[in-house]
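An overview of the molecular structure
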Amino acid sequence: MDSGAILAVTAGAFLLAGFVKGVIGMGLPTVSIGLLGLLITPIQAAAILVVPSLVTNIWQAAVGGGIFKLVQRMWPLLAGICMGTLFGVLLLPHDGNGRQSGSASRWRPMPAGAGKGQFSVPRHAETWLGLLMDTATGAITVATGIFVMPGTPYLQALAFERDKTVQALRVSFTTSTITLALALAHAGEV
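Predicted model, so just to flag it, every value in this text is computed and none were measured.

**Concerning a nonpolar patch on the surface**
On the surface, V9, L16, F19, V23, I24, L35, L38 and L39 cluster together to form a nonpolar patch covering roughly 770 Å² of accessible area. At five residues, helix 1 (residues 3-24) tops the list of elements feeding residues into the nonpolar patch. Here L35 is to be found in helix 2 (residues 28-36). Judged by its relative accessible area of 31%, L35 falls in the partly exposed class.

Here it is in C-alpha cells:
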C-alpha cells in the first residue's frame, strides 16, 4: 500500500476514534490502534497515537478545576503507572544497543474486556491498591498500547462524583500516554 493510502486510512481511523471518544469520553487508543493495526504493526500504531492522545487527555483533564487536589489523591496510582510501564519495558526484548530487537513485528495487542459489577475501594486502601492496580495497568500498556485495564475500573471504584471520575481518568490516561511514549522511545520505536 502506498503512503497516500496509509495516510488516508490513518486519518479515517483517527476520525472514527475521535468520534467515539467524543460520544463516550474514551476509546481513542482502543479504536485507532485496532484499526491501524490492520495496516501497520500495533507498536507503530501506538507511536502514532501518542501526540493525539496526549493533547486530548490534557485538555480534558484540565476542564473542571481542582486538578492539584485530584492528583494529590491519585499519586499512588500515577506512580504505579510509571513503575508498571518501566517494568513492562524492561521485559521487552532488546539488542545490545538498548533498542528493541526486531520484536515490533511480533508485538500484538492483548484482548481486554470487562465484566459488569460495581466495586468500591475503602479510602484507607487507596494507597496500596492504587499502586498495585496501576502498576499492572502500566505493564499492560506496554504490552498492548491500551491503558484502560485494570486502571479504569479501579478509578471508577474510588466513587468520585461523575465529573471528577472523568477528570481522574484523563489524568491517568495522560500519565499512561507520557510513560508509553517514553517506553516506545526506549524501545527505539519513536
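**Some details on helix 2**
Of all the positions in helix 2, only L28, P29, V31, S32, I33 and L36 are classed as buried. Against the buried residues of helix 2 lie helix 1, helix 3 (42-62) and helix 5 (126-144).

**What to know about the side chain of T165**
Relative to the elements of secondary structure, T165 occurs in helix 7 (residues 162-186). Residue T165 is classed as buried on the basis of its relative accessible area of 13%. Separated by 3.3 Å, the side chain of T165 and the backbone oxygen of F160 make a polar contact. The contact partners of T165, leaving out residues within four places of it in the chain, are Q156 and F160.

**Details of the pattern of salt bridges**
Throughout the structure, instances matching the rule amount to three salt bridges. Note that R123 and E126 form a salt bridge whose closest N and O atoms lie 3.8 Å from each other. The class of R123 is exposed, set by a relative accessible area of 57%. Salt bridges here are not isolated pairs; linked through shared partners, they connect R73, R123 and E126.

**Observations concerning the packing of helix 3 against helix 7**
It is at 8 Å that the axes of helix 3 and helix 7 come closest, and there the two elements cross at 150°. As for how helix 3 packs across helix 7, the hand of that crossing is left-handed. Counting all contacts with helix 3, which are made through I43, A46, A47, V50, S53, L54, N57, I58, Q60, A61 and A62, the residues of helix 7 involved are Q167, R170, V171, F173, T174, T177, I178, L180, A181 and L184. When the residues that make up the contact of helix 3 with helix 7 are grouped by side-chain class, the tally is 14 nonpolar, six polar and one charged.

What counts and what doesn't
Residues numbered from 1 in each chain as written. Predicted model: local features only at pLDDT ≥ 70, side-chain atom pairs only at ≥ 80, totals over all residues. Heavy atoms only, no water. Patch = residues over 30% accessible without salt bridge, like charges linked within 9 Å, V, L, I, M, F, W, Y side chains within 5 Å. Areas by Shrake-Rupley, 256 points an atom, 1.4 Å probe, with all protein chains shown as cover. Salt bridge = Lys/Arg side-chain N within 4 Å of Asp/Glu carboxyl O. Helix = DSSP H or I, 4+ residues; strand = E, 2+ residues; numbered from the N terminus. Buried < 20%, exposed > 50% of the residue type's maximum accessible area, 1.4 Å probe, protein only. Contact = heavy atoms within 4.5 Å. Polar contact = N/O pair within 3.5 Å; in protein donor to acceptor, adjacent residues only side chain to side chain. Axes fitted to C-alpha atoms, helices over the stretch in contact; angles between N-to-C directions. Left-handed = near helix turned anticlockwise from the far one by under 90°. Nonpolar A, V, L, I, M, F, W, Y, C, P; charged D, E, K, R; others polar.

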